[in-house]
Amino acid sequence: MSTSITRENFDQWMLPVYAPAPFIPVRGEGSRLWDQQGNEYIDFAGGIAVNALGHAHPALCKALSEQAARFWHTGNGYTNEPVLKLAKQLLDATFADRAFFCNSGAEANEAALKLARKYAHDTFGPQKSGIVAFKNAFHGRTLFTVSAGGQPAYSQDFAPLPPQIQHAIYNDLASASVLINDDTCAVIVEPMQGEGGVVPANQAFLQGLRELCTRHNAVLIFDEVQTGVGRTGELYAYMHYGVTPDVLTTAKALGGGFPIGAMLTTETFGKVMNVGTHGTTYGGNPLAGAVAGAVLDIVNTPETLDGVKQRHQWFVEQLMAFNDRHPLFSDIRGLGLLIGCQLVTEHAGKAKQISQLAAAEGVMVLIAGGNVVRFAPALNISEEEVRTGLTRFTRACEKFLAENIS
Ligand SMILES: *Cc1c(COP(=O)(O)O)cnc(C)c1O
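Residues numbered from 1 in each chain as written. Predicted model: local features only at pLDDT ≥ 70, side-chain atom pairs only at ≥ 80, totals over all residues. Heavy atoms only, no water.

- The protein appears in an unreviewed UniProt entry as Acetylornithine/succinyldiaminopimelate aminotransferase from Kosakonia oryziphila.
- Its UniProt record gives the protein the following Function (unreviewed entry) comment, quoted word for word: "Involved in both the arginine and lysine biosynthetic pathways."
- Of the comments in the UniProt record for the protein, the one headed Subunit (unreviewed entry) reads "Homodimer." (UniProt positions renumbered as here; feature names shortened; annotations may be inferred.)

Structural data, given as structure tokens:
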């Protein structure tokens, strides 16, 4: 038992880049977690859209422990069966012909942006280096990806930033078309902004970006790190929209909690990379490959994907019913099991307070900026867990309203 470890140790020992909850979870099962004191929580945070199948899923435990007993790692001088099987699963299920594996969403986007630059430089020349991204976007925390991200708070302290990156307004095709031209090598976009407030793209916006990229020979990158692996009720959100990117990045739920990321692309773009142009020590590690393969076996089935759409209804109906009685949210939106509740202007900026009250009631929720409470639970969360969690959540909202009487 780790009883001598306390939450205070975090403040003493850790680089203070996070502000974790006041309790420490020690055990999970399905969509329930328990902390050091034995308090129970329903998990609507899903490890930030990562724990696709909840905690301690038997099939994932089995895949991990079986591979753990065989071998863990060889490095990229050798390939391995789990990662090749995983690659085939992803290619069979998507538009892609080639996969590159890494360890996180940021690394997948880093690979995608590098691929786009190399493709453009090799094919058209070095002047074709412009990257168009979007305000409020989130693409990770490496220098290149915070620069592509559209939240200056995450990048400005680390200047000088990589040049040739411009930001258009999300869901505003006109603002993007002003920036996209023959010197653009890539457009990177989330089909639904996650960190930026749970904002689904408009159909016409994604379609328009597709047409602009085709016209100007720019690589269209869909960052599906948060929307991928069943989150929206389709395996990838591009399938929901019927708009196919040239490069897709995926991570978070792909490993169900085991770190793995991937970049998927077509033969046309993939062939500009060759031996030595990019790489990572752990990418495509057999442990990660085995677990992600087991995740996909379960997620990429009609039962799971239809179940996500069903669960969306459970959430939205109960949230709307609460909101009719106590108008706290001006919008309840999202796709599948990525749901955002936008606070009414009167309570703007208080999402964090609500998430803290929710934890005290025994339910873990996320925020997406100061004005949006976000839910990204496991795709297999049970109806009972949804109802119990939402009962606790609405109790927290009532407390919030009682404390914040205008
Ligand atoms: C979380 C996220 C990332 C970054 O993923 P990491 O694994 O934290 O590097 C990138 N893009 C999107 C859309 C994300 O939600």
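### Here's the deal with the packing of helix α13 (residues 351-361) against helix α14 (residues 383-403)
Here is step 1 of the chain: At their nearest, the axes of α13 and α14 sit 8 Å apart, and the two run at 130° to each other. On the basis of the axis angle, α13 is oblique to α14. Here the hand of the crossing between α13 and α14 comes out right-handed. Along its contact with α13, which presents Q353, I354, L357, A358 and E361, the element α14 presents R392, F393, R395, A396, C397, K399, F400 and E403.
Here is step 2 of the chain: Looking at the contact of α13 with α14, its residues break down into seven nonpolar, one polar and five charged. (Axes fitted to C-alpha atoms, helices over the stretch in contact; angles between N-to-C directions. Helix = DSSP H or I, 4+ residues; strand = E, 2+ residues; numbered from the N terminus. Parallel < 35°, antiparallel > 145°, perpendicular 65-115°, else oblique. Left-handed = near helix turned anticlockwise from the far one by under 90°. Contact = heavy atoms within 4.5 Å. Nonpolar A, V, L, I, M, F, W, Y, C, P; charged D, E, K, R; others polar.)

### Here we look at the sheet that holds strand β11 (residues 247-250)
Here is step 1 of the chain: Here seven strands make up an open sheet; going across it, the order is β4-β12-β11-β10-β7-β5-β6 and the pairing mixed. Each edge of the sheet is formed by a strand with only one pairing partner; in this case those strands are β4 (98-102) and β6 (165-168). Ignoring which end each strand starts from, the neighbouring axes of this sheet average 20° apart.
Here is step 2 of the chain: Across four bridges, strand β5 (residues 130-134) lies against β6 in parallel orientation. Looking at the pairing, A133 lines up with H167 of β6.
Here is step 3 of the chain: The strands touched by helix α4 (residues 81-93) within the sheet are β4 and β12 (261-265), with β4 carrying the most contacts at an inclination of about 130°. (Pairing = 2+ DSSP bridges.)

### Looking at the site of the ligand
Here is step 1 of the chain: Residues in contact with the ligand, as listed here, are S104, G105, A106, N109, F138, H139, G140, E190, D223, V225, Q226 and K252.
Here is step 2 of the chain: Side-chain polar atom of D223 to a nitrogen atom of the ligand: 2.7 Å apart, as the coordinates give it.
Here is step 3 of the chain: If the ligand stood free it would expose 390 Å²; the protein chains cover 82% of that surface.
Here is step 4 of the chain: Sort the elements by how many residues they give to the shell around the ligand and helix α5 (residues 105-124) lands first, with three residues.
Here is step 5 of the chain: Residue composition of the shell around the ligand, by class: three nonpolar, six polar and three charged. (Near = heavy atom within 4 Å. Polar contact = N/O pair within 3.5 Å; in protein donor to acceptor, adjacent residues only side chain to side chain. Areas by Shrake-Rupley, 256 points an atom, 1.4 Å probe, with all protein chains shown as cover.)

### Points about the side chain of E385
Here is step 1 of the chain: Note on placement: E385 falls in helix α14.
Here is step 2 of the chain: With no salt bridge to any partner, buried E385 finds its closest opposite charge in R32, at an N-O distance of 4.1 Å.
Here is step 3 of the chain: Only 3.2 Å separates the side chain of E385 from the backbone nitrogen of S31, close enough to count as a polar contact.
Here is step 4 of the chain: If near-sequence neighbours (up to four positions away) are discounted, E385 is found in contact with G30, S31, R32, I42 and F44. (Buried < 20%, exposed > 50% of the residue type's maximum accessible area, 1.4 Å probe, protein only. Lys, Arg positive; Asp, Glu negative; His and termini not counted. Salt bridge = Lys/Arg side-chain N within 4 Å of Asp/Glu carboxyl O.)

### Section: the packing of α4 against helix α11 (residues 286-299)
Here is step 1 of the chain: Two elements in contact, α4 and α11, have axes separated by 8 Å at closest approach and are oriented at 35°. In terms of crossing hand, the pair formed by α4 and α11 is left-handed. Contact residues: P82, V83, L86, Q89 and L90 in α4; P286, G289, A290, A292, G293, L296 and D297 in α11.
Here is step 2 of the chain: For the contact of α4 with α11, a count of residues per class yields eight nonpolar, three polar and one charged.

### So, the UniProt feature "modified residue: N6-(pyridoxal phosphate)lysine" (unreviewed entry) in the protein
Here is step 1 of the chain: According to UniProt, the "modified residue: N6-(pyridoxal phosphate)lysine" (unreviewed entry) feature falls on K252.
Here is step 2 of the chain: Looking at where K252 falls in the secondary structure, it is placed in the loop between β11 and β12.
Here is step 3 of the chain: Ignoring anything within four residues of it in the chain, the contact list for K252 reads I48, A49, V50, E195, V225, Q226 and I260.

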